[in-house]
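# Structural description and commentary
Here is how the chains run, residue by residue.
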Amino acid sequence: MKQSHLFTKTKKEVPKDEASKNAQLLIKAGFIYKEMAGVYAYLPLGLRVLEKIKQIVREEMDAIGGQEFIMTAIQRKELWEKTDRWSDDTVDVWFKSALKNGTEIGFGWSHEEPITDLMKQYLTSYRDLPTYVYQFQTKLRNELRAKSGIMRGREFIMKDMYSYSLNAEQHQKFYDEVIAAYLKVFARVGLEKETYVTFAAGGAFTQFSHEFQTITDAGEDVIYVNREKHIAINEEVLSDTVLKELGVTMDELEKVKTAEVGNIFNFGTVKCEQLGLSIVDTEGKSIPVHLGSYGIGITRLMGVLVEHFSDDKGIVWPEEVAPFQVHLVSLCKEPSDIEKADTLYAILQTSGIEVLYDDRDARPGEKFADSDLIGIPLRIVVSPRSLENNQVEFKYRKSGEEKLVSYMEVMKEM
RNA sequence: CGGAGUGUAGCUCAGUUGGCUAGAGCACCUGGUUUGGGACCAGGGGGUCGAAGGUUCAAGUCCUUUCACUCCGACCA
């Protein structure tokens, strides 16, 4: 991608109505645009990062047998009435509307109900289980107060996965596989050390649910962690009884602020009973199905990444999620030098490397400042100065390390 | 939803006890000089001062209503 053609530019100043670091940096660097409170558009750079995160999640969900599909954003009232989650008293984040004929509809803030209802047409026998499906959906939640930039929006992208299992053992096996898969996801995006599987309030079906909490000051949750035993407990369930059960004492725990990047729930058979999803077992008897629900906030995760991977100059993307792998910055003025930069751009591209090529007619200082702000892991500078010796400069965004590389051997160094 | 604050150019902001043609910096356009960490000079375009109503000879400024945004709290399957 030539930067001279890239839609949106960086800004020197940030809008004053943004206080969170993630939104400030992402707006300043041209990744997102704020439509209104808690509602953001993703511009080309931001979209590339989102797609990178989604692809990592997709690979890990596929690896444990998930199948991707996509449900509808518009949902039927009757399904949610069956599980007593239609009323604004029980669910206060509903966006609701009505069809022209007066039929009430809701906009999806979650999808257990419609997916389970859909499954009634496809799951009929024990032979059909287990079944795992997932989607990347734009969820709509009428939050009383949006905050923290893209970390808590009214419109956001979530990966939600649903498991339909024959019995408790089959469910538990997959549940554990999801925990492992989620940990892989968070490790791949670079948040391995900061992310904890956390015991949290379980709702009506189990004693605990598991939350995936990433340590960040921008978070909204407070949890207690033991880094050595790798145990984490959400403040909301902390009690003497729970401590005893988990075999830790209060003085072993450290209080930290976190953001919930993932959450998994066991609904038991209750929801399938409410919605009438049952299958026939080996003896021909009709039995209800076990449901599990597993979410990762894709856009929130992007926000957490920016909060965590940034410095005073801008964003420092981990390689796996960076919008481009290489930022090729040309300081060339002479046609013969420009041709060399163009050639290098072509070589990198044909080698399958994602390159943002700063071919703009701008001063070096501006280009470097933009490059730091955008935060691509490797910067390659092509300038008359280094071309004199047939060299280009490598600079790594994270470490700041610099080195000269022979023009002919750039590909060997990648 | 309770409390506090802010709305003036695309962005950041100034604008005195109401006063005459509403300003600056950044960004943008033209020309020139520059060129390794967000350059400089000259010129230029861009505004229903969040909106509606009111007071007044006169409103960005005062009054009323309203909308939006931010922060703190509450909420957060």
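As the structure is a prediction and not an experimental result, all values here were calculated from the model. Along each chain, residues carry numbers from 1 onward, in the same order as the chain's sequence is written. Both sets of labels track the order of writing: A upward for chains, 1 upward for ligands. Only residues with pLDDT of at least 70 are given local features in this predicted model, and only at 80 or more are side-chain atom pairs given and counted; all residues enter the totals for whole chains, interfaces and linings. In computing side-chain values, all of the structure's heavy atoms are included and hydrogens and water are not.

### Looking at the sheet that holds strand β5 (residues 95-98)
- What makes two strands pair is DSSP finding at least two bridges between them. The secondary structure listing takes helices from DSSP runs of H or I that are at least 4 residues long and strands from runs of E that are at least 2 residues long, numbered from the N terminus. Spatial ordering of the open sheet is given by β4-β6-β5, a layout of three strands whose pairing is antiparallel. The open sheet is flanked by β4 (74-76) and β5, the only strands paired with a single partner. For this sheet, the mean inter-axis angle between neighbouring strands, taken without regard to orientation, is 40°. Throughout, an axis means a line fitted to C-alpha atoms (over the contacting stretch in the case of helices), and angles, computed between N-to-C directions, take values from 0 to 180 degrees.

### Overview of the protein's contact with RNA strand B
- Throughout, near means a residue has at least one heavy atom within 4 Å of the molecule or strand. Taken together, 38 residues sit near RNA strand B, with D17, T90, W109, D372 and S383 positioned nearest.
- Restricting attention to atoms of RNA strand B within 4 Å of the protein, one finds that 45% of them are sugar or phosphate atoms.
- Polar contact is the term for a pair of N or O atoms within 3.5 Å; when the atoms are in protein, one must be able to donate a hydrogen and the other to accept it, and sequence-neighboring residues count only if both atoms are side-chain atoms. Here K34 contributes a side-chain N or O atom positioned 2.7 Å from a phosphate oxygen of RNA strand B.
- R145 places a side-chain nitrogen or oxygen 2.8 Å from a phosphate oxygen of RNA strand B.
- Contributions of two or more residues to the surface near RNA strand B are made by β1 (32-36), α10 (364-374) and β22 (391-396).
- Any residue outside Ala, Val, Leu, Ile, Met, Phe, Trp, Tyr, Cys, Pro, Asp, Glu, Lys and Arg is labelled polar, Gly included; the first ten of those are nonpolar and the last four are charged. For the surface near RNA strand B, the class distribution of residues is 14 nonpolar, four polar and 20 charged.

### With respect to empty space enclosed by the protein
- Whether a set of points on the 1 Å grid over the protein atoms alone is a cavity depends on a 1.4 Å probe fitting there but being unable to get out, while an open set qualifies as a pocket with protein on both sides within 12 Å along at least five of seven lines; lining residues are those with an atom within 4 Å of a point. Grid points are joined across faces, edges and corners, and a volume is the space filled by probe spheres set on the points. Scanning the model with the defined rule gives one cavity of 30 Å³ or more in all.
- Every residue lining the largest cavity is listed: G38, Y40, Y42, I150, G153, E155, F156 and T299.
- Secondary structure elements with two or more residues in the lining of the largest cavity: β2 (39-42) and β8 (155-165).
- Of the residues in the lining of the largest cavity, the class split is four nonpolar, three polar and one charged.

### What about the packing of helix α2 (residues 44-63) against helix α5 (residues 168-188)?
- For the pair α2 and α5, interaxial distance at closest approach is 9 Å and the crossing angle is 155°. Between α2 and α5, the interaxial angle falls into the category roughly antiparallel. Note that α2 runs across α5; the crossing there is right-handed. Residues I56, V57, E59, E60 and M61 of α2 touch α5, and the partners they reach there are A181, Y182, K184, V185 and R188.
- For the contact of α2 with α5, the per-class residue count stands at six nonpolar, no polar and four charged. Angle categories are assigned with fixed cut-offs, so that under 35 degrees is roughly parallel, over 145 is roughly antiparallel, 65 to 115 is roughly perpendicular, and the rest are oblique. A crossing counts as left-handed when the near helix is turned anticlockwise from the far one by less than a right angle, and as right-handed when that turn is clockwise. Contact definition: two residues touch when any of their heavy atoms are within 4.5 Å.

### Details of the side chain of H111
- The topology assignment puts H111 in the loop between β6 (104-107) and α4 (112-119).
- Between buried and exposed lies partly exposed: a residue is buried under 20% and exposed over 50% of the maximum accessible area for its type, with that area taken using a 1.4 Å probe on protein chains only. What makes H111 buried here is its relative accessible area of 1%.
- Within polar-contact distance, the side chain of H111 engages the side chain of Q75 at 3.2 Å.
- Reaching out from H111, the side chain makes a polar contact with the side chain of K139 at a distance of 2.6 Å.
- Look past the residues within four positions of H111 in its chain and what remains in contact with it is M71, T72, Q75, Q135, Q137, K139, D160 and Y162.

### Brief notes about the side chain of T83
- Structurally, T83 can be placed in the loop between α3 (77-82) and β5.
- Looking at T83, its side chain comes within polar contact range of the side chain of E113, at 2.7 Å.
- Setting aside chain neighbours within four positions, we find T83 in contact with E113, K271, Q274 and L275.

### Concerning helix α9 (residues 335-350)
- When the terminal C-alpha atoms of α9 are compared, their 22 Å separation across 16 residues agrees well with the 22 Å that a helix rising 1.5 Å per residue should span.
- Within α9 the residues assigned to the buried category are D337, A341, L344, Y345 and L348. Seen along its axis, α9 keeps its buried residues to an arc of 100°; they face one direction. Seen from the open side of α9, the exposed residues pointing more than 90 degrees away from its buried face are P335, E339 and T350.
- Here the buried face of α9 lies against β19 (326-330), β20 (355-358), β21 (378-382), α11 (384-387), β22 and α12 (410-413).
- Among the residues trailing α9, G352 stands out with phi positive, at a value near 80°. What a helix should span is 1.5 Å times the count of its residues minus one. Here the arc refers to the directions that run from the helix axis out to each C-beta atom.

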